[in-house]
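The primary structure of each chain is shown beneath.
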Amino acid sequence: TSMATGQVDVSAVNKPIELLNEANTDIENGDYKDAVQKLIAANRLNPKLREVYSSLNTACTHTNQISLLKEFLVKGKGIFEEDDELCYYLGNIYQNQQNYAAAIKEYSLAIQYAKKNGEEYELVYAYYLNRGIAYFSTGKRKEACADWRKAKSLGVTSVNAYINRYCR
């Protein structure tokens, strides 16, 4: 079928959204492997569909496809400037790889962007909590304690264990 100039192919617009929705259903059902494939396909069709990246974080983490996830998060950071959540996910990858300097850099960016984007997002406490852990892992106790106290001020009680043990 031919289309007039300026006309939008609705199926081309809807297909990545359909794939994302199917992938999220797969994630809810614990079928992470299929979800990853659908999310990659959705991203290929529309790399600017933001929710694909957070769903990929969930699916790839459960299938241990960390290098694939890292590749997509870096791509997403290039598209969605100042996206605190994508920086946080990337920081988690670096922290799990014990690359604490890179983790601190990503968590710091997440915190910086969250201050602009709004700190009411449910994950913001973890930016401080995890950066605190990365700081502590590099021997920077003072910085770690400051971050843990900030996480506590955001309402996280689980951080008390770190504060009570290491920040006296």
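Notes on the structure in this doc start here. (Residues numbered from 1 in each chain as written. Predicted model: local features only at pLDDT ≥ 70, side-chain atom pairs only at ≥ 80, totals over all residues. Heavy atoms only, no water.)

1. Looking at the packing of helix 6 (residues 100-117) against helix 7 (residues 124-137)
Consideration 1: Remark: helix 6 packs on helix 7, axes separated minimally by 9 Å, with the N-to-C direction vectors making an angle of 150 degrees. When the axes of helix 6 and helix 7 are compared, the pair comes out roughly antiparallel. In terms of crossing hand, the pair formed by helix 6 and helix 7 is left-handed. When helix 6 is examined against helix 7, the residues Tyr100, Ala103, Ile104, Tyr107, Ser108, Ala110, Ile111, Ala114 and Lys115 are found in contact with a partner set consisting of Val124, Tyr127, Tyr128, Asn130, Arg131, Ala134, Tyr135 and Ser137.
Consideration 2: The residue inventory of the contact of helix 6 with helix 7, partitioned by class, reads twelve nonpolar, three polar and two charged. (Axes fitted to C-alpha atoms, helices over the stretch in contact; angles between N-to-C directions. Helix = DSSP H or I, 4+ residues; strand = E, 2+ residues; numbered from the N terminus. Parallel < 35°, antiparallel > 145°, perpendicular 65-115°, else oblique. Left-handed = near helix turned anticlockwise from the far one by under 90°. Contact = heavy atoms within 4.5 Å. Nonpolar A, V, L, I, M, F, W, Y, C, P; charged D, E, K, R; others polar.)

2. Some points on the packing of helix 3 (residues 51-63) against helix 4 (residues 66-79)
Consideration 1: Running from N to C, helix 3 and helix 4 cross one another at 170 degrees; their axes reach a closest spacing of 9 Å. Taken together, the axis directions place helix 3 and helix 4 in an arrangement best described as roughly antiparallel. Between helix 3 and helix 4 lies a crossing of left-handed hand. Between helix 3 and helix 4, the residues in contact are Tyr53, Leu56, Asn57, Cys60 and Thr61 and Ile66, Leu68, Leu69, Phe72, Lys75, Gly76 and Ile79, respectively.
Consideration 2: When its residues are assigned to classes, the contact of helix 3 with helix 4 shows eight nonpolar, three polar and one charged.

3. Structural notes on the side chain of Asp147
Consideration 1: Considering the arrangement of structural elements, one finds Asp147 in helix 8 (residues 141-153).
Consideration 2: The class for Asp147 is buried, based on a relative accessible area of 4%.
Consideration 3: Discounting residues that sit within four places of it in the chain, Asp147 has contacts with Tyr128, Arg131, Gly132 and Tyr135. (Buried < 20%, exposed > 50% of the residue type's maximum accessible area, 1.4 Å probe, protein only.)

4. What to know about the environment of Thr63
Consideration 1: With respect to the helices and strands, Thr63 occurs in helix 3.
Consideration 2: Exposure remark for Thr63: the relative accessible area of 25% places this residue in the partly exposed category.
Consideration 3: Residues Thr63 and Tyr107, spaced 44 residues apart in sequence, show a C-alpha to C-alpha distance of 23 Å.
Consideration 4: A polar atom in the side chain of Thr63 sits 3.0 Å from the backbone oxygen of Ala59. (Polar contact = N/O pair within 3.5 Å; in protein donor to acceptor, adjacent residues only side chain to side chain.)

5. Describing the pattern of salt bridges
Consideration 1: Summed over all chains, the structure comprises eight salt bridges.
Consideration 2: We note a salt bridge from Lys38 to Glu22, for which the minimum N-O separation is 3.9 Å. A residue pair is termed long-range when its members are at least 10 positions apart, and Lys38 in helix 2 (residues 32-45) and Glu22 in helix 1 (residues 10-28) qualify at 16 residues.
Consideration 3: Classification of Lys38 as partly exposed rests on a relative accessible area of 22%.
Consideration 4: Note that Glu82 is salt-bridged to Lys116, the shortest N-O span being 2.9 Å. With Glu82 in the loop between helix 4 and helix 5 (84-96) and Lys116 in helix 6, this pair connects stretches of sequence that are 34 residues apart. (Salt bridge = Lys/Arg side-chain N within 4 Å of Asp/Glu carboxyl O.)

6. Description of the state of the cysteines
Consideration 1: This structure, assessed with the given rule, holds one disulfide.
Consideration 2: Paired by a disulfide, Cys145 and Cys167 hold their sulfur atoms 2.0 Å apart. When the S-S torsion is -95 degrees, as for the bridge of Cys145 with Cys167, the disulfide is left-handed. Taken as a pair, Cys145 in helix 8 and Cys167 in the segment after helix 9 (160-166) lie far apart in primary sequence, 22 residues in all. Considered together, Cys145 and Cys167 belong to a single accessibility category, that of buried residues.
Consideration 3: No disulfide involves Cys60; its sulfur sits 18 Å from the nearest other cysteine sulfur, which is in Cys87.
Consideration 4: Take Cys87: its relative accessible area is 1%, and that puts it in the buried class. (Disulfide = S-S within 2.5 Å.)

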